[in-house]
Amino acid sequence: MAIIEARGLARTFRSRKRTVEAVRGVDLTVGEGEIVGFLGPNGAGKTTTLRMLTTLLKPTAGTATVAGADLLSSPLEVRKKIGYVPQAIGETMGGTDPSCLVIEELLDQAALYRIGGAQARRRAELLTDQLELTGLEQRLVKTLSGGQRRRLEIALGLVHRPPLVFLDEPTTGLDPQSRSNLWEHIASLRRDAPVTHAAGPGASGVPADATGSAATGKE
Ligand SMILES: Nc1ncnc2c1ncn2[C@@H]1O[C@H](COP(=O)(O)OP(=O)(O)OP(=O)(O)O)[C@@H](O)[C@H]1O
Ligand SMILES: [Mg+2]
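Structural notes, computed from the coordinates. (Residues numbered from 1 in each chain as written. Chains lettered and ligands numbered in written order. Predicted model: local features only at pLDDT ≥ 70, side-chain atom pairs only at ≥ 80, totals over all residues.)

For the rest of this paragraph, the subject is the nonpolar core. Core analysis: the largest hydrophobic core is formed by 46 residues, its most contacted members being Leu-53, Val-66, Leu-106 and Ala-155. It is helix α5 (residues 146–158) that contributes the most residues to this core, five residues altogether. (Core = buried A, V, L, I, M, F, W, Y, C linked by C-beta atoms within 7 Å. Buried ≥ 20, exposed ≤ 12 C-beta atoms within 10 Å, placed from the backbone. Helix = DSSP H or I, 4+ residues; strand = E, 2+ residues; numbered from the N terminus.)

Moving on: the sheet that holds strand β5 (residues 69–70). Spatial ordering of the open sheet is given by β2-β1-β4-β5, a layout of four strands whose pairing is antiparallel. The open sheet terminates on both sides in strands that have one partner only, identified here as β2 (18–31) and β5. Pairing geometry for strand β4 (residues 61–66) and β5, over two bridges, is antiparallel. Following the sheet pairing, Thr-65 is matched in β5 by Asp-70. The strands touched by helix α1 (residues 46–53) are β1 (2–15), β2 and β4; relative to β1, the strand with the most contacts, the crossing angle is about 120 degrees. (Pairing = 2+ DSSP bridges. Contact = placed C-beta atoms within 7 Å. Axes fitted to C-alpha atoms, helices over the stretch in contact; angles between N-to-C directions.)

Let's shift gears to helix α4 (residues 117–130). An ideal rise of 1.5 Å per residue puts 20 Å on 14 residues; α4 measures up with 20 Å between its terminal C-alpha atoms. Those residues of α4 that are buried are in contact with α3 (102–112) and α5. Glu-132 lies just past α4 and shows a positive phi near 50 degrees. (Expected span 1.5 Å × (residues − 1).)

Below, the structure written as structure tokens:
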């Protein structure tokens, strides 16, 4: 069964009276348990496609079913079933709060998915161990190095053990050892749960079953 089925997904932006065709009709079928790398040059439309598939951005055309739910009519159902690690750019960076403690971020994220108590602490412990954040739990996020912060952002996307994960350039800023640990963690996730979807050139080294490509977004 397909965990992602997209047909003709498109998005245009209006910017200063100009129209940018960021994504022009993406057809995508991803099976359960597949790891897919989505490649393309800067500006090709990878992030825009991921933002549409994760319900954060409304497509201007097209349809999609994501993790068994219709993207347009049941976005909440989609959100419950996915993890998303955004590209670490812009004001919100990859989604972490500089003034929070590392452990607070992990437990708060778990609480948002209604995971609490001992189970949340176990998940936090496992992820800090696998993403090499052990010892940093009581540190403020703003005191982390760039790569440590990126690893925390990745941990947040995985805390609720989603059956489908979207990673936007997850390994940008990570050292070779951390990259390798991340892909090991992704492979281990697949052993007990279905899918990981990776995106962007930062996905280099991803043990992908398939790759898709995005042409350059046109103005
Ligand atoms: N909010 C917006 N308003 C106007 N144009 C936008 C907006 N968001 C994205 N774009 C444009 O859409 C195109 C695709 O952008 P997108 O961020 O999806 O590319 P990308 O493939 O993720 O690139 P990168 O590899 O640099 O992350 C680009 O031309 C970008 O400038
Ligand atoms: Mg991008």
